[in-house]
Amino acid sequence: MSATALREDQAVITGVGVIAPTGFGLGPHWEATLAGRSAIRRITRFDPSVYSCQLAGEAAGFSVEEHLPTRLVTQTDRMTHMALVAADLAIADAGIDLSGLDEFEAAVITANSSGGFEFGQDELQRLWTRGPRSVSAYLSIAWFYAASTGQLSIRHGLRGPCGVVATDQAGGLDAVAAAGRVLADGVRAVITGGTDASLCSWGFVTQIPGGRLSRVADPDRAYLPFDEQASGYVPGEGGAILIVERADHAADRQAAGYGVILGHAATFDPPPWSGHGPRLADAIRLALRDAGLEPGEVDAVFADAAGIPEADEIEAAALREVFGAGQVPVCAPKAMTGRLYAGAGALDIATALLAIANDTLPPTGAAIRPRADHQIDLVTGAPRRAPVGTVLVVARGHGGFNSALLLRGM
Amino acid sequence: MKEFDLDDLRGLMKGCAGVDEGVDIDGDILHVPFEQLGYDSLALLEIAHKIEDQMGVIIPDGSVEKMQTPVEIIVYVNSDVLKAS
């Protein structure tokens, strides 16, 4: 697609920074993904033996001390550590000089859904063992969803329309789409994407009762989206930070760019007693309409891949409804990282952009055999070479959030 | 009450709030504004709580957070003003 075909305010993704269980950095993450190397293991961060779910995708390759000054490490949670460092990677990748922009022409919009769980857990322990005055003053700014956006805004001096999107696992797509939308108001660049880090005992205690985590002990058999033996998912930590720029701004500084956001839509499921069904297919159709595309123009779908049988059925049905049975290849590399909550959508976008750049669809990993009745063409086992120009990324958040975003290569 | 000196304060600053990039916390910081050293009001609140623990005193809320330089805190803590906790 030539630059002249883009609207001047169209959103171009010019930089990507990844911190994921599969690797520190976009390259290592892509390599591990192509190799089908699952990062799901028994948790090492704390002793999980008392819990019914003991697996997670830990970003083991990331030690924050190597990348941030202690001042920032002390006053923020791991989710923000990851966001700050991934942003540094993305900014370097984009080759953008943010200090050269007017402070109101650049912004930060991230997604988050767990907040500063580990930081909060430590402070709760202090509260109940040593009393209120031992609780860190920094808890006030470390735990809330917008902490990463705030710290990024301060660190880089960005005072455009900043914000945070908290739509559970749909957030990673919703935030990137929001970043694309503010470009119409004269903002030239946005730091966006999302990270989440909820791998602590407090985090597990909040997630396990929901009944959505797999209780299977074998790391290779726990998170099997679309499989006959799907038993829930495994949580992971990390995500991706992306630099999104106005097409004219990217062109002016001759930034290469990975791809373009063509369209997005978000819907919310009605309650079960309403008599109306889930609205994932609607989100996909609305996103296609927003992009001006027909279903047949989509080369691949990166699925939400909940790994919960009923949720898998709903997603497979939505894909059949929009694209026809087996008519579009479906990828779910998140089977190798776990579900990263607010980091998932952003990481899927990063992986999708490399799939486009390399005309290669990543495997879903493990030995997943999709149920025949899903009628989806799931890319399993090995990477699949195919022309990939336009990709749909889908994400759902607990409670009814649906989000669909369309990307095309440069 | 034992005397509270610059090294004590320095240790608490590093422990509570870390050190910012490019700041020489081990140098002569006695009269350097906290803002320049990268410590905001939350950092000072945190430091005040740790001084209370370490020195066994009660520091009224709002007193330390407004101080501009390390020497002011040191003088305040060593003065007879503070009650024991």
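Here the structure is a predicted model, which means the values were calculated and not measured.

Conventions used here
Residue indices begin from 1 for each chain and proceed along its sequence in written order. Chains and ligands are labelled by the order in which they are written, letters from A for the one and numbers from 1 for the other. Two thresholds apply to this predicted model, a pLDDT of at least 70 for residue-level local features and 80 or more for giving and counting side-chain atom pairs, whereas whole-chain, interface and lining totals are computed over all residues. What counts as a helix is a DSSP run of H or I of at least four residues, what counts as a strand is a run of E of at least two, and both are numbered from the N terminus. Each radius of gyration is computed over the set of C-alpha atoms, and the globule rule expresses the reference value as 2.2 Å times the number of residues to the power 0.38. Every C-beta atom is placed from the backbone, and the number of other C-beta atoms within 10 Å of a residue's own sets its class: buried at 20 or more, exposed at 12 or fewer, partly exposed in between. Placing a C-beta atom from the backbone of each residue, one calls two residues in contact when those atoms lie within 7 Å. Each residue gets one of three labels, nonpolar for Ala, Val, Leu, Ile, Met, Phe, Trp, Tyr, Cys and Pro, charged for Asp, Glu, Lys and Arg, and polar for the others, Gly among them. For every residue, the predictor states its confidence as a pLDDT score lying anywhere from 0 to 100. A fitted line through C-alpha atoms serves as each axis, taken over the contacting stretch for helices, and the angle formed by two N-to-C directions is quoted from 0 to 180°. For classification purposes, angles smaller than 35 degrees are called roughly parallel, those larger than 145 roughly antiparallel, those between 65 and 115 roughly perpendicular, and all remaining angles oblique. Note on convention: the crossing is left-handed when the near helix lies turned anticlockwise from the far helix by less than a right angle, right-handed when the turn is clockwise. One nonpolar core equals one set of buried Ala, Val, Leu, Ile, Met, Phe, Trp, Tyr and Cys residues connected by C-beta atoms within 7 Å. Residue ranges labeled as domains rest on an automatic or database domain assignment. The length a helix should cover is 1.5 Å for every residue beyond the first. Strand pairing is assigned whenever DSSP detects at least two bridges linking the two strands.

### A few points about the overall build of chain B
Per the secondary structure count, chain B includes 4 helices and 2 strands. Reading chain B from its N end, one meets helices and strands in the order α-α-α-β-α-β. Whereas a compact globule of 85 residues would reach a radius of gyration of roughly 12 Å, chain B reaches 12 Å, a difference of no more than 12%. Counting only C-alpha atoms and orienting by the principal axes, one finds that chain B spans roughly 35 × 20 × 20 Å. Burial statistics for chain B: of 85 residues in total, 27% are counted as buried. In chain B, once contacts between residues fewer than 6 apart in sequence are set aside, the share between residues at least 24 apart is 67%.

### As for the interface of chain B and chain A
Tallying the contact residues gives 11 residues for chain B and 11 residues for chain A. Looking at which element gives the most residues to the side of chain B that touches chain A, the answer is helix α3 (residues 41–55) of chain B, with 5 residues. Across the side of chain B that touches chain A, the residue classes break down as 4 nonpolar, 3 polar and 4 charged.

### Re the confidence of the model for chain B
Residues and elements named next belong to chain B. A residue-level look at chain B finds 99% of positions with pLDDT of 70 or above and a mean pLDDT of 90. When mean pLDDT is compared element by element in chain B, helix α2 (residues 34–37) scores highest at 94, while strand β2 (residues 83–84) scores lowest at 79. What the predictor reports for the complex is a pTM of 0.95 with an ipTM of 0.86.

### Some remarks on the packing of helix α10 (residues 280–291) of chain A against helix α11 (residues 309–323) of chain A
The axes of two packed helices give the description: the angle between them and the distance between them. All names here are of chain A. For the pair α10 and α11, interaxial distance at closest approach is 8 Å and the crossing angle is 40 degrees. With respect to α11, the axis of α10 lies oblique. Considering the relative orientation of α10 and α11, their crossing is right-handed. From α10, L280, A281, I284 and R285 reach across to α11, where they touch I314, E315, A318, E321 and V322. In terms of residue class, the contact of α10 with α11 is made up of 6 nonpolar, no polar and 3 charged.

### So, the nonpolar core
Core analysis: the largest hydrophobic core is formed by 139 residues, its most contacted members being A86, V176, V190, L242, I284, V393 and L407 of chain A. Both domains that meet at this core, namely domain 1 (3–252) and domain 2 (262–409) of chain A, each give it at least three residues. Setting aside chain neighbours within four positions, we find V393 of chain A in contact with L173, F302, G345, D348, I349, A352, L405 and L407 of chain A. Formed by 24 residues, the second largest nonpolar core is a distinct cluster that contains A142 of chain A together with L12, C16 and V77 of chain B.

### A closer look at helix α7 (residues 171–182) of chain A
Residues and elements named next belong to chain A. The end-to-end C-alpha distance of α7, which contains 12 residues, comes to 16 Å, matching closely the 16 Å that a straight helix rising 1.5 Å per residue would cover. With 11 of its 12 residues buried, α7 lies for the most part within the structure. Among the residues of α7, those classed as buried are G171, G172, L173, D174, A175, V176, A177, A178, A179, G180 and V182.

### Some details on unusual backbone geometry
All names here are of chain A. Unlike most non-glycine residues, F226 shows phi in positive territory, near 70 degrees. Its place among the elements puts F226 in the loop between α8 (201–207) and β8 (238–246). Take F226: there are 26 C-beta atoms within 10 Å of it, and that puts it in the buried class. Although it is not a glycine, Q375 adopts a positive phi angle of roughly 50 degrees.

### Description of the pairing of β8 of chain A
Residues and elements named next belong to chain A. Of all 9 residues making up β8, 9 are buried, and the element is well covered by its neighbours. Here strand β1 (residues 11–20) runs beside β8; their pairing, made up of 8 bridges, is antiparallel. By the bridge assignment for β8, G15 is matched with I243. Both strand β7 (residues 189–196) and β8 contribute to a ladder of 8 bridges, which runs antiparallel. From the neighbouring strand, G193 faces β8, where its bridge partner is I241.

### Regarding the environment of A287 of chain A
Residue and element names in this part refer to chain A. You can see A287 is positioned in helix α10. Exposure remark for A287: the 28 C-beta atoms within 10 Å place this residue in the buried category. Separated by 119 residues in sequence, A287 and L406 place their C-alpha atoms 7.0 Å apart.

### Some words on the packing of α7 of chain A against helix α12 (residues 342–358) of chain A
All names here are of chain A. Axis separation between α7 and α12 bottoms out at 5 Å; the angle between their running directions is 65 degrees. Of the residues in α12, those touching α7 at G171, G172, L173 and V176 are A342, G343, A344, G345, A346 and I349. A per-class count over the contact of α7 with α12 returns 6 nonpolar, 4 polar and no charged.

### Some details on the environment of G25 of chain A
Residue and element names in this part refer to chain A. By the secondary structure assignment, G25 is in the loop between β2 (23–24) and α1 (26–34). Linking G25 and F62, residues 37 residues apart in sequence, is a C-alpha distance of 9.7 Å. Ignoring sequence-local partners within four residues, the contact set of G25 consists of V18 and L89.

### As for the domain arrangement of chain A
Residues and elements named next belong to chain A. Each assigned domain of chain A is listed with its residue range as follows: domain 1 (3–252) and domain 2 (262–409). The C-alpha-based centres of domain 1 and domain 2 are spaced at 20 Å. If you look at the interface, domain 1 gives 56 residues, while domain 2 gives 51 residues. Elements supplying a minimum of two residues to the side of domain 1 that touches domain 2: β1, α1, β4 (55–57), α7, β7 and β8. Of the residues belonging to the side of domain 1 that touches domain 2, the class tally is 26 nonpolar, 21 polar and 9 charged.

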